[in-house]
Amino acid sequence: MKTKNHSIEELTQKEYKYGFVSNIEMDKVPCGLNEDVIRLISAKKEEPSFMLDWRLKAYGQWLKMKEPTWHNLHYPPIDFQKISYYAAPKSKKSGPKTLEEVDPEILATFKKLGIPLEEQKLFSGVAVDAVLDSVSVATTFKEKLGALGIIFCSFSDAVKNHPQLVQQYLGSVVPYSDNFFATLNSAVFSDGSFVYIPKGVRCPMELSTYFRINTQETGQFERTLIIADEGSSVSYLEGCTAPIRDTNQLHAAVVELVALDNAQIKYSTIQNWYPGDKEGKGGIYNFVTKRGKCKGQNSKISWTQVETGSAITWKYPSCILQGDNSIGEFYSVALTNHFQQADTGTKMIHIGKNTKSTIISKGISAGHGQNTYRGAVTIQKSAENGRNYSQCDSLLIGELCGAHTFPYLSVNNTSAQVEHEASTTKIGEDQLFYCRQRGLSQEDAVGLIVNGFCKKVFKELPMEFAVEAQKLLNVSLEGSVG
Amino acid sequence: MLQIKNLSASVDNKKILKDLNLEVKAGEVHAIMGPNGSGKSTLSQLLAGKEGYTLDGGEVLFEGKNLLTLSPEERASLGLFLAFQYPVEIPGVSNLYFLKSAYNALRKKRGEEELDAVDFMELVKEKSKLVEMNESFLTRPVNEGFSGGEKKRNEILQMIVLEPKLCILDETDSGLDIDALKVVSKGINATRSKNRGIILITHYQRLLNYCEPDFVHVLYNGKILKSGGKELALELEKHGYGWILES
């Protein structure tokens, strides 16, 4: 047994592969938060007055709020006055219009991350709105999408060029007063992505944004808004890596999705931010509010996430099933290794008739990792024939990690059906021995077993993402066997 | 090929194997028979590299190499294969993918080129006919929801595909009905070759009617009490294990 535990440790002691800092000149606001900082952010971004008003209302609300403590996470208090709330790559007045105009160092950074923008532009059919720190630096495929009336741009551009859409939908799913972190985001958000799919249009390609945190001690406050108009559909990919650093970084993003009648939105995430080192030092604090509203009849919103990074993950991609016959889905793989902590899950709020939701959650804990699933399924009185199926499985690797499950069910309509299944298993010595007897290394055996465990979620990911996710899982697990 | 010399081993301070000696040469089929608790499974698990056993003495050489210092995967790449008494389930991993991963891992270790999915599929299709498994079998998760007979046939399929030098079959016949036993035996017989050693661990004579061994050994209380030809198995069947003790 001793030799085994030793090799478990060895395997889990894997350094973060994507750690580096690129030297891009930053336009950074001094640390601290007050009304002037918010006015400054708004001014730098040349926003219309409705945006500034909204930010200030959020700030006023935030001052009255307390940081939540109900989660199963442990971390030192965050000093919100030690954070700089705005950083942008220094621009040459007007932003780059083509890739050639983009700072070569930024492009080099993306290359290191394996995001060949030029190649993608030519071959892959994936449009990339790449976010480096807080300002979008390159957007491809805009024209092709533009011909279909699809708007895919940075949030700042949307505020400037499509203010009526922003004003109509911003905060319609996650109001500025929603929760401590979402409210902070509403006050100070710097940039993010905006997508609008017009009536009846099926977006012909996966829309993809790569986020990357780059300036030390810069909070990241991204804001994404996706609107799928009647009868439209879109698949959106979000993937992240971040460089190694010593101080913890706060990230508090907000994602809002709106699906109108007969519209479908599929939102997939691979989150691989710096998780901290083997001792648990450093790493990203990720407090995210993601919520979709199935506003129209027969609409559908599907969240798929693979969470392997961050020191702390606090994230509950949720669906408000307002339209009759609307469908909400949540597929999640969350992996915690070393000293990572994750408190993640979903909320499914059934309001319309015949609404359906599915929750498949796979939590993997290794090293000292602590993994919590927290889910709430609410069937409101109006949700005649509401259906929910939830499956929450936990896999433990080694002796020192933990898995926790907190499902909340609230059913207020007798015609509803709600099912919940849960399991906790350890990677069995028998399974490992069986694989190794057939010739697989211990590491490959764990990868195989874990990927099998996650299969139900991976098959929901777009093809190329699924392959990446499997690799990522194997990399994140290297050194974690039990 | 395999030389076991004065092997003694224990689990939780309980002596299971005591001064066991056995030699298996290429081309030979050895049957090891014995009652419950005689140490049969311990022997097979120990040879395959399962942890949790304490070596108290003796050595095991496999083609001249000291087997007991190697990891299970190293032993596998040298050509040692264990057909499990209780094959393990791996949910979410297809039989085909598992087998291909194993096959290519072994090839890689031996410095051979890995086989791509198409070529491998052809190979497996051909081999699975031998154990009368249809293709749907390959896409199902490893052993999950398999019947007892299917699990054992799957072990034989893996053995046929991986082409080991030494096959140890741990009670592969137990829990099989007569039809499944025939299929499994057919697979084992197809594996017989002059370059390959086979150890059949079993309780019963039944399997040996279909797979004729060259040698039969009786394992009792951690020791080989008696060795002989195939007729020894028939004697055992007739008289029971008590007969060995008395004689």
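Residues numbered from 1 in each chain as written. Chains lettered and ligands numbered in written order. Predicted model: local features only at pLDDT ≥ 70, side-chain atom pairs only at ≥ 80, totals over all residues.

(A) Geometry of the overall build of chain B. For chain B, the helix and strand inventory stands at 10 helices and 12 strands. The C-alpha atoms of chain B give a radius of gyration of 18 Å, which matches the 18 Å a tight globule of 247 residues would have. Overall, the C-alpha framework of chain B stretches about 55 × 40 × 35 Å when taken along its three principal axes. The proportion of buried residues among the 247 residues of chain B is 42%. (Helix = DSSP H or I, 4+ residues; strand = E, 2+ residues; numbered from the N terminus. Rg over C-alpha atoms; globule rule 2.2 N^0.38 Å. Buried ≥ 20, exposed ≤ 12 C-beta atoms within 10 Å, placed from the backbone.)

(B) Structural view of the domain arrangement of chain B. All names here are of chain B. Along its sequence, chain B is carved into domain 1 (1-79 + 166-178 + 200-247) and domain 2 (86-164). The C-alpha-based centres of domain 1 and domain 2 are spaced at 25 Å. Those elements that provide at least two residues to the side of domain 1 that touches domain 2 are α2 (72-78) and β9 (166-170). (Domains from an automatic or database assignment.)

(C) Here's a closer look at the sheet that holds strand β3 (residues 29-33) of chain B. Residue and element names in this part refer to chain B. With respect to topology, 6 strands assemble into an open sheet ordered β6-β9-β10-β3-β11-β12, the strand pairing being mixed. Looking along the sheet, the strands with just one partner apiece sit at the ends: β6 (80-83) and β12 (223-228). Averaged over all pairs of adjacent strands, the angle between strand axes in this sheet comes to 20°, irrespective of strand direction. (Pairing = 2+ DSSP bridges. Axes fitted to C-alpha atoms, helices over the stretch in contact; angles between N-to-C directions.)

(D) Representation of the packing of helix α3 (residues 49-63) of chain A against helix α9 (residues 180-188) of chain A in the model. All names here are of chain A. It is the contact of α3 with α9, at a shortest axis distance of 7 Å, that shows an interaxial angle of 145°. Considering the relative orientation of α3 and α9, their crossing is left-handed. Residues Trp54, Arg55, Ala58, Tyr59, Gln61 and Trp62 of α3 form the contact with α9, whose own contacting residues are Thr183, Leu184, Ser186 and Ala187. Across the contact of α3 with α9, the residue classes break down as 6 nonpolar, 3 polar and 1 charged. (Left-handed = near helix turned anticlockwise from the far one by under 90°. Contact = placed C-beta atoms within 7 Å. Nonpolar A, V, L, I, M, F, W, Y, C, P; charged D, E, K, R; others polar.)

(E) Examining the sheet that holds strand β5 (residues 65-66) of chain B more closely. All names here are of chain B. As summarised here, the arrangement of the 4 strands in space is β2-β1-β4-β5, forming an open sheet in which the pairing is antiparallel. The open sheet is flanked by β2 (14-24) and β5, the only strands paired with a single partner. Pairing of strand β4 (residues 54-62) with β5 involves 2 bridges; the strand directions are antiparallel. Residue pairing across strands places Phe62 opposite Lys65, the latter belonging to β5. Across the face of the sheet, helix α1 (residues 40-48) comes into contact with β1 (2-11), β2 and β4 while running at roughly 70° to β2.

(F) Structural context of the interface of chain B and chain A. Contact residues are listed per partner, giving 22 residues for chain B and 17 residues for chain A. Going through the elements one at a time, α2, β7 (90-94), α3 (95-109) and α6 (148-162) of chain B are the ones with two or more residues in the side of chain B that touches chain A. Looking at side-chain class alone, the side of chain B that touches chain A contains 14 nonpolar, 4 polar and 4 charged residues.

(G) Spotlight on the packing of helix α4 (residues 117-130) of chain B against α6 of chain B. Residues and elements named next belong to chain B. Closest axis-to-axis distance for the α4/α6 pair is 9 Å, and the angle between their directions is 130°. Relative to α6, α4 is oriented oblique. Crossing hand, α4 versus α6: right-handed. Residue-level contacts link Leu123, Val124, Lys127, Ser128 and Leu130 of α4 to Leu157, Ile160 and Val161 of α6. (Parallel < 35°, antiparallel > 145°, perpendicular 65-115°, else oblique.)

(H) Fine view of the environment of Asp229 of chain A. Residues and elements named next belong to chain A. Relative to the helices and strands, Asp229 resides in the loop between β8 (223-228) and β9 (233-241). Between the C-alpha atom of Asp229 and that of Lys347, which follows or precedes it by 118 residues, the distance is 23 Å. When residues no more than four places from it in sequence are discounted, the contact partners of Asp229 are Ile197, Pro198, Lys199, Leu260 and Ala263.

(I) Structural detail: the confidence of the model for chain B. Residue and element names in this part refer to chain B. For chain B, mean pLDDT is 92; residues scoring 70 or higher make up 100% of the total. Per-residue pLDDT, averaged within each element of chain B, yields its smallest value for helix α10 (residues 242-246) (77) and its largest for β6 (97). Two summary scores accompany this predicted model of the complex, namely pTM at 0.81 and ipTM at 0.96. (pLDDT = per-residue confidence, 0-100.)

(J) Layout of unusual backbone geometry. Backbone geometry places His338 of chain A, a non-glycine residue, at a positive phi of 50°. For His338 of chain A, the position within the fold is in the loop between β17 (327-336) and β18 (341-350). Here Glu163 of chain B, not a glycine, exhibits a phi torsion of approximately 45°, which is positive. You can call Glu163 of chain B partly exposed: it has 16 C-beta atoms within 10 Å.

(K) Highlighting the environment of Ile198 of chain B. Residues and elements named next belong to chain B. Looking at the element boundaries, Ile198 is found in strand β10 (residues 197-202). Residue classification places Ile198 among the buried residues on the basis of 25 C-beta atoms within 10 Å. Residues Ile198 and Ile188, spaced 10 residues apart in sequence, show a C-alpha to C-alpha distance of 8.8 Å. Other than its neighbours up to four places away in sequence, Ile198 contacts Val29, Cys167, Thr191 and Arg192.

(L) Representation of the pairing of β10 of chain B within the structure. Residues and elements named next belong to chain B. The element β10 is largely enclosed, with a buried count of 6 among its 6 residues. The two faces of β10 match: Gly197, Ile199 and Ile201 on one face and Ile198, Leu200 and Thr202 on the other face are all buried. Pairing of β3 with β10, which is carried by 5 bridges, proceeds in the parallel orientation. Looking at the pairing, Val29 lines up with Ile198 of β10. In terms of strand pairing, β9 meets β10 through 5 bridges, oriented parallel. Bridge pairing links Ile168 to Ile199 in β10. In this fold, β9 hands off to helix α7 (residues 178-191), which returns the chain to β10; that crossover is right-handed. (Right-handed = clockwise from strand over helix to strand, strands pointing away.)

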